[in-house]
Structures are given as structure tokens and as C-alpha cells.
Amino acid sequence: MKCNIIFSVVLFLLLQLSFSQTITVLEKGVNEPIPGVALYNLKKTKYVVTDSVGKASLDKFNAREIIFFQNLLYEKLQLRKFEIAENNYTIYLTPKIEGLDQIVISVSKFEQSKRDIPQSVVSLNAKDIVLTNPQTSADLLDNSGNIFIQKSQMGGGSPMIRGFSTNRLLITVDGVRMNNAIFRGGNLQNVISIDPLSIQNVEVTLGAGSVVYGSDAIGGVMSFYTKKPQLSYKDELLVNGNALLRYSTANREKTGHFDLNLGYKKWGFLTNVSYTDFDDLRMGSHGPDAYLRPEYVIRQNGEDIIVPNDDPQVQKPTAYSQINLMQKVHYEPSDNLKFDMGLYFTTTSDYPRYDRLLRPRGETLRSAEWEYGPQQWLMTNLQVTKMSSSSNLYDKIQATVAYQNFKESRRDRDFQSPLREVREENVDVMSFNLDLEKKLSPKTSFSYGLEYLYNTVGSEGQEENIDTNTTAQNVTRYPNGATWQSFAAYTSFKYKPHSKFVFQSGLRYNQVIANADFTENNAFLNLPFNDTKVNTGALTGTAGIIWSPSDMIQWKLNASTAFRAPNIDDIGKVFDSEPGSVVVPNNDLKAEYAYGGELGLRLNFDNKVMIDMATYYTFLDNALIRRDFELNGDTEIIYDGELSTVQAIQNASKAWIYGFEVGLEANLSKNLKLRSQYNVIGGTEDNDGVEVPVRHVAPYFGRTHLIWEKNNLLFDAFLVYNNELSFNQLAPSELSKDYLYARDSNGNPYAPSWHTINFRTQYYWGDKFTLTASLENITDQRYRPYSSGIAAAGRNLILSFKYAL
């Protein structure tokens, strides 16, 4: 009887092998197909490679033959052919310690090994995103350990990288520049328009990136790459996708998401939809009472009144919702020609500017209303990629054309005032990029390209009387109809004579032209000019070397220059920067320049312990900064009914930024690993001859993870920690917002140190179901990250359930 059972099982497996000879290779944890996996037998006499959707035929191999699976990014695997049949012809490979983050695109716009790049690059892949379960893309960046996130309200997230932020950082989505002509020096929220559930991977270049990306790329470049449609490469239809539900307790987050892929032989279609609803955010129980929300304003019976908060730990109002849509199409008529089209749309609901609602005026609150209208972002792009083995000009050429539209608005009204100020902005952006790559020899490669950008700014302003339901025109935030354009050409060179040495360099020339007409606003401002023009050029460069004297040691040295040309926000904005101050246009601006260097060292002790260290220094010259100003000889004017000090953006400062970063990864056993990252940042800027702290220099910060993983189960216990910034370490602009800070023993504002203890787990049921659960801020700490207007979440349970089609 026993022999008959064994014979039946063997016969069944042999029948299965005879009818099903195609294997699918996926990445463990994210179920994404892996192309380029080599399958071969012990003697290497039989050999196949998985295609772009991770599939390969097993016809060459015998039933009991051992098949080896190898790809330089994944752990090697070996199975007999009948064992593959037992797994339904689906095999999962585990990324190596350094994994997918070793292939980098953003630094040169073409794929290259991370080991060949002299700059520091932080990578997050699809598996990291599934595990960290971020509510927004700002939270995703925060989980990297290298990027500090500031939040003025829950609908926000402004990254700080190496002492720089806002319009001194660059954001790209699928290679398209997101920065526009009204990206400001104040905190920016645009990164939340990128759906974290649509992202395949993120690459963050720490430090200058102006050679490839132009203006704004002084402190770093955040490159987001969304999921791509998958083809079947056969006559059969390939259907796959994911559905996800998530709930968080601290803000009662409710998120739903699905993505669906339809793949044909030459066409692929991917649809991505996400919706999130957030309630008011609850802070922790243990920390400064200064962060509590004891009261807030409501309007009742046509009158503003201040009411007590039933629960001062709940930050009212902070609730908002957001929807994200993405549709992508991929067409591959031949092996050397590809077309990629994308349509992206994101919109939020109205969301309160929480930090402004905290501002006091005497013994009461200053504002009855202060909110952003819906933040909308629309992008459509077309990218054509062609490969050639015969062209003298390129091996790979890539052309990208894109259109973007940004909409944002602001509404504010003082307490017990009938006048509501409303300002609305609309920016249209056209862009064209042409990027080419050519391998000149086995040791030398060369890339070059062209870029053109054109921005048009629309701006409206009005004053509404809520008592009489009347409106009147008012000064706009920006000069309506202003334009900003950029022309650029760049080139990069790479020389790798052998595996131990790499040299990379690059040059870029950029011409920026901006025009603004203030005729409409002069009815309110009486500026001494009616228009302004900026026409400035910038030459930037970079050079770096990598020296790897052994498998254990790798040195990196890089020097670079970067720039930021004045945009419409710099030359034409009118707004209240703080209570009692108003910023006015300035028609005498030029580009600011950064000169920096970085030295890095990587130590790898037999893949057991790896240490990454980097130190850097940046000098910012002709810094564009807000300073007191005169308008027609006056230092004060009436703005929105209040006497305000006149200020303007000026080339009036210099800044010196420096820091040190260290990362550790230790494989304590086959299943247990330790990861840690710590960042030390310092800097000063010139303030009328006196050196003062820089606003966007974050406190020392870091995180440490202890991760255990075996089979389908993962545990991650981690600490997140920030150092204190004392009263003397706060920038002058932060001291003017003392109501956001705790008080030290002398009664002065300061940012206390804080830490959180956190735990998350993830479990996979086969290849279909994934459960992720996190308990963050277990000890319910009450803290407010530096420069933020909103306190962070208290104890927070996050549950996520994902189903893969």
C-alpha cells in the first residue's frame, strides 16, 4: 500500500512536470517579479534567464536535476525540479544584505552600481515600504533614518537633509522634476502629494545634485519611482494586483488601496487608487504641557467663541482626507524600443494650518480660521526609451515630456473679525528632458543631456466679509501671469580602470529667465517698480573618486558645486511671514551658490558587520534669505489691516553647514540583524555680521532596529531618538515662534530631546496575504519634532492587511 502511494505521488509530479514547465521567480515579501535571474544545472551545461516578468521555461531540465537560481542582488537558491513543482512553479528569492538598493538610477539618470557612486545615496525598496506602512511619503522618508521631517500640520511633511530644506532640495517623480516656480523657503508640503502605496522604490542623494538636476538641488535630491506595468510577453493575458486596508488609532486613519495590472504581449496597463481619511491627531501623555491643546475656536450663532477642549491631548482641528489616482501604460513594440505614459492626480480636502491656529494674541487666540484649501497635483508624462548597439552617439537614449498642474490656496480670518483673506494659486509646468548614455570603452562611459522647463503662475486674492457676504479684490500672493523658465545642458563622465578604482565627474550649464508684472498688486503696494526680470546663468560641476583597496574597505571622496536661481516665490511673493511682518517683492536678486565636499568610508567585515561613515561640509554663498527691507523709504506698512514690518528675500547672507553620519548593519545570526543610523548636523549663517544657528539644521537624530526574520514571519523592535536643541541653538526665526516650543528652567523656548520605543511585525500567508501590525510610541511620549507646529502621535496601533491577486 505504501509503495502504491509513493508511486502515485511520483507519477503525479511527473505529470505535472510534463504539462507545466514555466516557473515564476518573485521577490520574497513584495511578490514582485525578478527579471534576469540565471537558472542552471550543476555542470552549467543548461542555462536559462527569467524574462521581464520573472518567468522562464524549465523544459531543458530533468525531473530530479538540481537547478540553481542566481542573481547578484539576491541570495542564491538551489532546488530540484520536482521540488519546484511542489511549490506550484513559483519561487521566492530573498534580497541580499545590500539588496536592490545597490542599483541606482537617480544619480546619473541611468542604472549603475551604488558601489561606483562617490556620493551617499539612501535607497528604500518595495519591501521596505510594505513593512514601514507609511501614512504619507513624508513618513516614508522619515523611516530612512537619514532624513528629518518637519510638520506644521498633519497634512504636511517638509524634509530636511543635511541642513537644507524646502526649495534647496529637489523632488522628482519618475524622473520628472516636481519643484516649481513657487516652491518657497518656508516649509513645503508637496511631498505628501506622492502616494506611498504607488511607489516601487525611492532613492535619496544626500548632498548636491545640480549637475544632473539643475536649480534647487543643493542639499539633496529625492527621487520617487512608481510601479510599472508588467507585460506577459505571450498571447495570454497577465492579471495581477494588490488590495490593502489599514487602520491607525492615533488619528483614526482609514486607508483603502488597490492596484490592478493587465499585461499583454506588448502592452501593459496599471491602475492605482488610494483613499485615506484622517481624524484629529492625538498626542502622547508624557511630556511638556506646553504642547497640549486646552482650547480652540468655534463659530456659534454668528460669533467666534473659544471653547475648552474635552481632551487637551487631541489636536483640534487637524483632520483631513486625501485621494491618489495613477494610470500608467507601457508599450514595447520591440526589444530596443519602449514607451511609458503616466497620468497622476492627487487632491486633499481642506486641511487646517494647525501651527497658525496656536498663535496667541494677548490672553486669547489670534486666528479664528487658518486653513489650506485642497492641495492638488496633476501630472501627465510620456517617456520614450531606445537602445542601440550601432549608434556612435548613444547606447541608450531617453526622451521625457511632461505637463504638471499645481493648485493650492489659503484662507485665514482673525478671531472675531468678519474679514476672511483668500488667496489661490495655480501653476502650470511644461518640461522636456533628453538624456543619452554611451559606453566609450569597457572602462569608460559617458552620459549627457538637455533640459527645458517652463512655468506659468496664476494668483488671485480677495477679501470676503462673512457678515455681509460681500467680496473685494485684494493683493495676490504672487504676481499674476509671472513666468519662470530654464534651459540647461549637462554631461557626466565615468572612468573605471579596474574594480578597485572609479572616477566620476560632470558639468552643467543652466540659464534661468523669470518675468513678473506687479501692475495689479501696485494698486495695493505702491512698489517703486512695475515689473522685474531675472536672467542668470550658472555653471556647476562635480568630481569624485572611489578607492576600494580590499573587499573590506572602500573610500569615497566627492566635491561639488550647486546653485539655486531666484524663482517667483523669491522675487514676487507678498505674505505675512510672522505676526507683525510682511514680505514684499524684490527686483534685485541673483542666484545663490553652494560649494561642498564629502568624505566617506565603508567597512565590510565578511558581510557580518558593515559600517558606513560620511562627513561633509557645505558653504552657501549669496544666500537668499528673508531680511528687513524698506519700501519707498518706509520700514512698516499696513497689510491685511495690521501695521507690519517690511521684509524681503535678499542675497544677504552666507551659511556654513557641516555634519557626520554613521550607519551600522550587523548580522548577529542567520535570522537576527541589527541596523542603526545616527546623524550629527551643525551650521551657522551670517546675520548682519553675527553668526547665528541655521533654521533647517535639525538636532542630532537617529534610529536603531533589531530585526528577526524567519520563513514568513518578521519582528522589528526599534528606537527613534532626537537630541535637544537649547535656547541658544535655536535660529532667530524659530525664537519668533516661541509658542510652539517648551520652556526651559529659565523660561526660554527650547526643543527637548525625545525618544520612542516601537515594535512591528509582519506575517505572510503563502504568496497572497500579508498582515503588518505596528505599535509605535509604546510609552506614549508627548513630543514635538523640531520646528514642527504639531505634536507627534502618541501611542499608535497600526494594522494593515494586504491581499495579492
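Thresholds, definitions, all that
- Residues numbered from 1 in each chain as written.
- Predicted model: local features only at pLDDT ≥ 70, side-chain atom pairs only at ≥ 80, totals over all residues.
- Heavy atoms only, no water.
- Helix = DSSP H or I, 4+ residues; strand = E, 2+ residues; numbered from the N terminus.
- Rg over C-alpha atoms; globule rule 2.2 N^0.38 Å.
- Buried < 20%, exposed > 50% of the residue type's maximum accessible area, 1.4 Å probe, protein only.
- Contact = heavy atoms within 4.5 Å.
- Areas by Shrake-Rupley, 256 points an atom, 1.4 Å probe, with all protein chains shown as cover.
- Lys, Arg positive; Asp, Glu negative; His and termini not counted.
- Charge placed at Lys NZ, Arg CZ, Asp CG, Glu CD.
- Salt bridge = Lys/Arg side-chain N within 4 Å of Asp/Glu carboxyl O.
- Phe/Tyr/Trp six-rings, centres within 6.5 Å; stacked < 30°, edge-to-face > 60°.
- Lys NZ or Arg CZ within 6 Å of the ring centre and 35° of its normal.
- Pairing = 2+ DSSP bridges.
- pLDDT = per-residue confidence, 0-100.
- Axes fitted to C-alpha atoms, helices over the stretch in contact; angles between N-to-C directions.
- Polar contact = N/O pair within 3.5 Å; in protein donor to acceptor, adjacent residues only side chain to side chain.

### Structural notes on the overall build of the protein chain
- The secondary structure content of the protein chain amounts to 9 helices and 54 strands.
- Computed over its C-alpha atoms, the radius of gyration of the protein chain comes to 28 Å, within 12% of the 28 Å expected for a compact globule of 805 residues.
- Taken along the three principal axes of its C-alpha coordinates, the protein chain extends 95 × 65 × 50 Å.
- A total of 805 residues make up the protein chain; the buried ones form 56% of that total.
- A separation of at least 24 residues holds for 66% of the contacts in the protein chain among residues at least 6 apart in sequence.
- In the form shown here, the protein chain has an accessible surface area of approximately 33,200 Å², with 56% of it arising from carbon and sulfur atoms.
- The positive charge centre, built from 80 side chains, and the negative charge centre, built from 90, are 11 Å apart in the protein chain.

### Quick look at the environment of Lys44
- In this structure, Lys44 sits in the loop between strand S2 (38-40) and strand S3 (47-49).
- Using a relative accessible area of 61% as the deciding quantity, one classes Lys44 as exposed.

### Comments concerning the pattern of salt bridges
- Taken as a whole, this structure holds 41 salt bridges when the rule is applied.
- In this structure, Arg411 engages Glu371 in a salt bridge whose closest nitrogen and oxygen atoms are separated by 3.0 Å. Here Glu371 lies in strand S30 (residues 367-372) and Arg411 lies in strand S32 (residues 396-414), a separation of 40 residues in the sequence.
- One salt bridge connects Arg420 with Glu464, and the closest N-O pair in it is separated by 3.0 Å. Of this pair, Arg420 sits in strand S33 (residues 419-441) while Glu464 is found in strand S34 (residues 444-465), placing the two residues 44 residues apart along the sequence.
- The buried category is assigned to Arg420, whose relative accessible area is 19%.
- Members of the salt-bridge network, linked through shared partners, are Arg299, Asp304, Glu369, Arg413, Arg420, Glu464 and Asp467.

### A short note on the packing of aromatic side chains
- If you walk through the whole model with that rule in mind, you get 24 aromatic pairs.
- Between Tyr264 and Phe269 the ring centres are 6.3 Å apart and the planes differ by 85°, which places this aromatic pair in the edge-to-face class.
- Judged by its relative accessible area of 36%, Tyr264 falls in the partly exposed class.
- Joined through ring pairs, the aromatic side chains of Tyr264, Trp267, Phe269, Tyr331 and Phe339 make up one cluster.
- Looking at Arg353, its charged tip hangs above the ring of Trp370, at a distance of 5.5 Å from the centre.

### Thoughts on the sheet that holds strand S12 (residues 158-161)
- The sheet built from 3 strands is open, its strands ordered S11-S12-S13 with antiparallel pairing. Of all the strands in the sheet, the pair left with one neighbour each is strand S11 (148-150) and strand S13 (164-165).
- One ladder, built from 2 bridges, connects S12 with S13; its direction is antiparallel. The residue of S13 that forms the bridge with Met160 is Ser165.

### So, the environment of Arg356
- Its location among the elements puts Arg356 in helix H6 (residues 354-357).
- As a C-alpha pair, Arg356 and Ala368 span 12 residues in sequence and 9.9 Å in three-dimensional space.

### A closer look at the confidence of the model for the protein chain
- Per-residue pLDDT for the protein chain has a mean of 92; in total, 96% of the residues score no lower than 70.
- Low pLDDT (under 50) marks residues 5-20, which in the prediction has 10 contacts with non-local residues, meaning those over four places away or in another chain.

### Observations regarding the pairing of strand S45 (residues 642-667)
- With 3 bridges joining them, strand S41 (residues 581-583) and S45 adopt parallel strand pairing. Note that in S45 the partner of Val582 across the bridge is Val646.
- Pairing between strand S43 (residues 609-628) and S45: 18 bridges, direction antiparallel. Bridged to Tyr616 within S45 is Gly659.
- By the bridge criterion, 4 bridges tie strand S44 (residues 636-639) to S45 in an arrangement that is antiparallel. Its bridge partner being in S45, Ile638 is matched across the sheet by Leu643.

### Section: the sheet that holds strand S4 (residues 55-57)
- Across the sheet, which stays open at both edges, the 3 strands sit in the order S4-S1-S7 with mixed pairing between neighbours. Because the sheet does not close on itself, it has two edges, and the strands there are S4 and strand S7 (90-93). Across the sheet, the mean angle from the axis of one strand to that of its neighbour is 30°, orientation sign disregarded.

### As for the side chain of Asn796
- With respect to the helices and strands, the residue Asn796 is situated in strand S54 (residues 796-804).
- For Asn796, the side chain forms a polar contact with the main-chain nitrogen of Thr249, separated by 3.2 Å.
- A distance of 2.9 Å separates a polar side-chain atom of Asn796 from the backbone nitrogen of Ala250.
- Ignoring anything within four residues of it in the chain, the contact list for Asn796 reads Ser248, Thr249, Ala250, Ser774, Leu775 and Glu776.

### A closer look at unusual backbone geometry
- In the segment running from Lys316 into Pro317, the intervening peptide bond is cis, with an omega of -10°.
- Mapped onto the secondary structure, Pro317 falls in the loop between strand S24 (314-315) and strand S25 (320-334).
- One non-glycine residue, Thr166, adopts positive backbone phi at about 50°.
- For Asn711, which is not a glycine, the phi torsion comes out positive at approximately 55°.
- The topology assignment puts Asn711 in the loop between strand S48 (701-710) and strand S49 (713-722).

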